[in-house]
Amino acid sequence: MSKVSLKALSEHLGLTEGTVSRAINDYPDISRKTRERVKRAAIELGYRPNSNARRLATGNAECVGYVLPWRVGHLSDPYLGELLDGLCEALSDRHWDLTVAVSRSEDDELAIITRLAQSGRVSGLVISRTLTHDPRVACIRELGLPFVSHGRTVEADRHAWFDIDNFGAFTDAVRHLADLGHVRIAHIHGALDYNFAALRHAGFRSGMADCGLDILKGYEVESNMSQEGGQQAMAALLALPEPPTAVVCVSDMVALGAMKAIRAHGWRPGREVSVIGYDGLPIGEHTDPPLTTMAHQLHSAGRKIGDMLLAVIDGDDPVNQQVLWQADLLRRETDQRPFCT
């Protein structure tokens, strides 16, 4: 079917093209009755407005930017795909677009944010992997662009954010392992300038204290957010005179690397060493054995972030858009009672 033009739709309704255009775009000077009549006819005739013309007319880019922080392997991370899929779903309901920009450094990221804001090509931004003291927040606020951060910062009370209760998740993970009988529990954490990593690390320590357990020397190891980093960190733990019987990892990808190191050591994850990850990535279902994890719905999180950003763009106060979700223990097969030889 050929596309119905604005002129044809106007002639069908007996209205001017300007009136029809303003009705479709919900201008308040057009009566509600006329707007409903125009939209009903547009659906019946299959009219689709020219998005470029609409954006020029309204001055709204109808596009959101997602600035991806630089790190090794970031584009192949399944975490990113799940999150962006949900974000795109929220935007598509409004026929909006998503622009993804990849930075190469912190300075480059700030330059990209400034360029996107000043170009007028985006109506809002999403930033992720927030730092506790995050210069991006001050930069975006100064530019006056609506935004939502995926993760909190020290300024979280002043801007829109979506986060998971990282502290509570790692407290729960430790308590679960302690309930299974583990005493020698280690933690592979991320760089602690990232707010999520700091909260997960604090949750681990709190969980150990609550359970009356000591953190043995060498049992806290930093890793980058990759399988390779997890493998190296776990290898260091296994080289200790008294290796841990369980390890809580900052992410599923790090946990997959830890499992690889355990297998290379001649042991089996979930037997000699229990492993708990974080994120609930689908890939964890297909590991050998399947990975136990603190799970949350990444697709749903992306969807929620998109809805929140659109609300801020529409004029809602950013402090009304602050959401904290919980992670739940998803038991598969890598959390078992301590192995006895």
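Residues numbered from 1 in each chain as written. Predicted model: local features only at pLDDT ≥ 70, side-chain atom pairs only at ≥ 80, totals over all residues. Heavy atoms only, no water.

Engineer: Would you explain the overall build of the protein chain in this entry?
Structural biologist: A tally of regular secondary structure across the protein chain gives twelve helices and twelve strands. Each principal axis of the C-alpha distribution contributes one length, and for the protein chain these read about 85 × 40 × 30 Å. Out of the 341 residues in the protein chain, the part that is buried amounts to 50%. By sequence separation, contacts in the protein chain at least 24 residues apart represent 68% of the contacts at least 6 residues apart. For the protein chain, the accessible area works out to roughly 16000 Å², and carbon and sulfur atoms hold 50% of it. If the 36 positive side-chain charges of the protein chain are averaged to one point and the 44 negative ones to another, these points end up 5 Å apart. (Helix = DSSP H or I, 4+ residues; strand = E, 2+ residues; numbered from the N terminus. Buried < 20%, exposed > 50% of the residue type's maximum accessible area, 1.4 Å probe, protein only. Contact = heavy atoms within 4.5 Å. Areas by Shrake-Rupley, 256 points an atom, 1.4 Å probe, with all protein chains shown as cover. Lys, Arg positive; Asp, Glu negative; His and termini not counted. Charge placed at Lys NZ, Arg CZ, Asp CG, Glu CD.)

Engineer: How should I be thinking about the sheet that holds strand β2 (residues 97-102) in this particular structure?
Structural biologist: Whether parallel or antiparallel, the strands of a sheet pair through hydrogen bonds between backbone atoms. Taking strand neighbours across the sheet as the criterion, the six strands line up as β2-β1-β3-β4-β5-β11 in an open arrangement whose pairing is parallel. The open sheet is flanked by β2 and β11 (322-325), the only strands paired with a single partner. Strand-to-strand twist of the sheet, defined as the mean angle between neighbouring strand axes without regard to direction, takes the value 15 degrees. Where strand β4 (residues 147-150) meets strand β5 (residues 161-164), two bridges bridge the pair, whose relative direction is parallel. Residue pairing in the sheet places serine 149 in a bridge with tryptophan 161 of β5. Across the sheet, helix α6 (residues 106-119) lies against β1 (63-68), β2 and β3 (124-128), angled at about 170 degrees from β1, the strand it touches most. Sheet strands touched by helix α12 (residues 298-313): β1, β3, β4, β5 and β11. Its angle to β11, the strand with the most contacts, is close to 170 degrees. (Pairing = 2+ DSSP bridges. Axes fitted to C-alpha atoms, helices over the stretch in contact; angles between N-to-C directions.)

Engineer: Even after reading the chapter, I still don't get the packing of helix α2 (residues 17-24) against helix α3 (residues 32-45), so can you show me in this structure?
Structural biologist: Pairs of packed helices are described in terms of their axes, by the angle between the two and the distance that separates them. In contact at an axis separation of 9 Å, α2 and α3 are set at 95 degrees when each is read in the N-to-C sense. Between α2 and α3, the angle is such that the two are roughly perpendicular. For the pair α2 and α3, contact is made by Thr19, Val20, Ala23 and Ile24 and by Thr34, Arg35, Val38 and Lys39, respectively. For the contact of α2 with α3, the class distribution of residues is four nonpolar, two polar and two charged. (Parallel < 35°, antiparallel > 145°, perpendicular 65-115°, else oblique. Nonpolar A, V, L, I, M, F, W, Y, C, P; charged D, E, K, R; others polar.)

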